[in-house]
Amino acid sequence: FRYGEASEVVVPTPNGDVYFGEHHPIVVTAGPCSVENEAMIVETAKRVKVAGAKFLRGGAYKPRTSPYAFQGYGESALDLLAAAREATGLGIITELMDAADLPAVARVADVIQIGARNMQNFALLKKVGAQDKPVLLKRGMSATIDEWLMAAEYLLAAGNPNVILCERGIRTFDSKYARNTLDLSVIPVLRSLTHLPIMIDPSHGTGKSEYVAPMALAAIAAGTDALMIEVHPNPAKALSDGPQSLTFDKFDRLVQEMSVLGKVV
Ligand code: PEP
Ligand code: MN
């Protein structure tokens with residue numbers, strides 16, 4: 001496996017190595033909240049690739065608040081992600097919730113996502129830290145920065161140096177207008193505390209598609225290394241997180257706007 005310089009994470013993908021870090025262009029990750037069927041995931045992969053994304057995101061295992069909500073299509077969704085990877089060469093980022101699914105997820109994922117709700121699942125972190133796929137560690141919705149960095153330390157201590165930190169919004173006293181409070185102050189703070197690359201997720205951070213572009217641009221202005229944006233061919237029909245998902249056209253426009261502020265590809 002190829003290890004990067006201390007301040008970067010290098011992720012091999014079929015389209016080539018992608019570098020995450022402050023001395024590299026901004027890496028855009030995009031795709032639906034959930035993998036719903038082959039046509040939608042392959043179409044989304046093709047569209048976000050043309051727009052400039054280097055990674056396709058998409059959930060196979062979904063951490064839903066309600067047990068009655070759509071839980072993701074599991075292993076069959078992993079096969080669809082593999083098909084999208086094959087069709088486009090994009091790297092795949094997908095969430096692992098249960099260590100029992102690690103072999104199946106690691107077969108398809110170029111980066112394994114640990115979601116906000118599992119940020120302090122230390123048993124899971126130890127297992128993911130002991131394998132060599134890079135890890136995207138989302139900030140827990142009520143985690144302090146120190147708690148988040150200690151969770152990252154679990155991965156590093158277990159032997160995996162390839163960790164990317166993802167801010168996805170935290171719980172504050174006001175959640176009336178935005179789903180979460182996207183804490184962009186983590187960008188300069190983390191820069192002063194750690195060498196690990198920083199990703200911002202304005203989709204979960206705001207919960208509303210209208211707020212995604214302004215916060216994505218703000219994240220670039222503040223110096224983020226990467227962005228994660230939920231994109232869906234038909235957000236109104238999405239099985240999860242439709243209200244915060246961008247259409248292909250809105251995503252295209254956003255990447256163009258991003259490129260004015262920072263080097264995106
Ligand atoms: C997701 O990325 O779809 C997701 C569930 O994220 P989070 O863990 O940040 O809620
Ligand atoms: Mn989602």
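In this text the structure is predicted, and so the values were computed from the model without any measurement.

K.L.:
Would you mind showing me how to read the overall build of the chain here?
P.N.:
Helix and strand counts for the chain stand at 9 helices and 10 strands. By the compact-globule yardstick of 18 Å for 265 residues, the chain fits well, its C-alpha radius of gyration being 16 Å. Its C-alpha atoms put the chain at 40 × 40 × 35 Å along the principal axes. For the chain, the residues scored as buried account for 49% of the 265 residues in total.

K.L.:
Sorry if this is basic, but what is going on with the site of ligand 1 here?
P.N.:
Around ligand 1 lies a shell formed by Cys33, Gly59, Pro63, Gly115, Ala116, Arg117, Lys138, Arg168 and His204. A class-by-class count of the residues in the shell around ligand 1 yields 3 nonpolar, 3 polar and 3 charged.

K.L.:
Before we go on, may I ask you to explain the environment of Asn121 in this structure?
P.N.:
Note on placement: Asn121 falls in the loop between strand S6 (111-114) and helix H4 (122-129). Separated by 13 residues in the primary sequence, Asn121 and Val108 have C-alpha atoms spaced 22 Å apart.

K.L.:
It is not clear to me how the nonpolar core should be interpreted in this structure. Could you clarify?
P.N.:
Soluble globular proteins tend to bury their nonpolar side chains together. The biggest cluster of nonpolar side chains holds 75 residues, and the ones touching the most others in it are Leu137 and Leu165. Ignoring sequence-local partners within four residues, the contact set of Leu137 consists of Ile114, Met119, Ala151, Ala152, Leu155, Val163, Leu165 and Cys166.

K.L.:
Teacher, can you tell me more about the sheet that holds strand S9 (residues 198-200) here?
P.N.:
Strand order in this closed barrel of 8 strands is S3-S4-S5-S6-S7-S8-S9-S10, and the pairing throughout is parallel. The sheet shows a mean angle of 25 degrees between the axes of neighbouring strands, direction not considered. Packing against the sheet, helix H5 (residues 145-157) makes contact with strand S7 (135-138) and strand S8 (163-167), and its axis sits at approximately 155 degrees to S8.

K.L.:
Honestly, the packing of H4 against H5 in this entry has me stumped. Any pointers?
P.N.:
Where H4 meets H5, the closest approach of the two axes is 7 Å, and the angle between their N-to-C directions is 40 degrees. With respect to H5, the axis of H4 lies oblique. Classified by chirality, the crossing of H5 by H4 is right-handed. The residues of H5 that touch H4, namely those facing Phe122, Leu125, Lys126, Val128 and Gly129, are Ala151, Tyr154, Leu155 and Ala157. Class assignment of the residues belonging to the contact of H4 with H5 gives a composition of 7 nonpolar, 1 polar and 1 charged.

K.L.:
Can you help me understand the packing of helix H1 (residues 38-51) against helix H9 (residues 248-261) in this one?
P.N.:
Between H1 and H9, the least distance of the axes is 9 Å, while the angle of their chain directions is 20 degrees. The angle between H1 and H9 falls in the class roughly parallel. As for how H1 packs across H9, the hand of that crossing is right-handed. Residues Arg47, Val48 and Ala51 of H1 touch H9, and the partners they reach there are Phe248, Phe251, Asp252 and Val255. A per-class count over the contact of H1 with H9 returns 5 nonpolar, no polar and 2 charged.

The rules behind these values
- Residues numbered from 1 in each chain as written.
- Chains lettered and ligands numbered in written order.
- Predicted model: local features only at pLDDT ≥ 70, side-chain atom pairs only at ≥ 80, totals over all residues.
- Helix = DSSP H or I, 4+ residues; strand = E, 2+ residues; numbered from the N terminus.
- Rg over C-alpha atoms; globule rule 2.2 N^0.38 Å.
- Buried ≥ 20, exposed ≤ 12 C-beta atoms within 10 Å, placed from the backbone.
- Near = placed C-beta within 6 Å.
- Nonpolar A, V, L, I, M, F, W, Y, C, P; charged D, E, K, R; others polar.
- Core = buried A, V, L, I, M, F, W, Y, C linked by C-beta atoms within 7 Å.
- Contact = placed C-beta atoms within 7 Å.
- Pairing = 2+ DSSP bridges.
- Axes fitted to C-alpha atoms, helices over the stretch in contact; angles between N-to-C directions.
- Parallel < 35°, antiparallel > 145°, perpendicular 65-115°, else oblique.
- Left-handed = near helix turned anticlockwise from the far one by under 90°.

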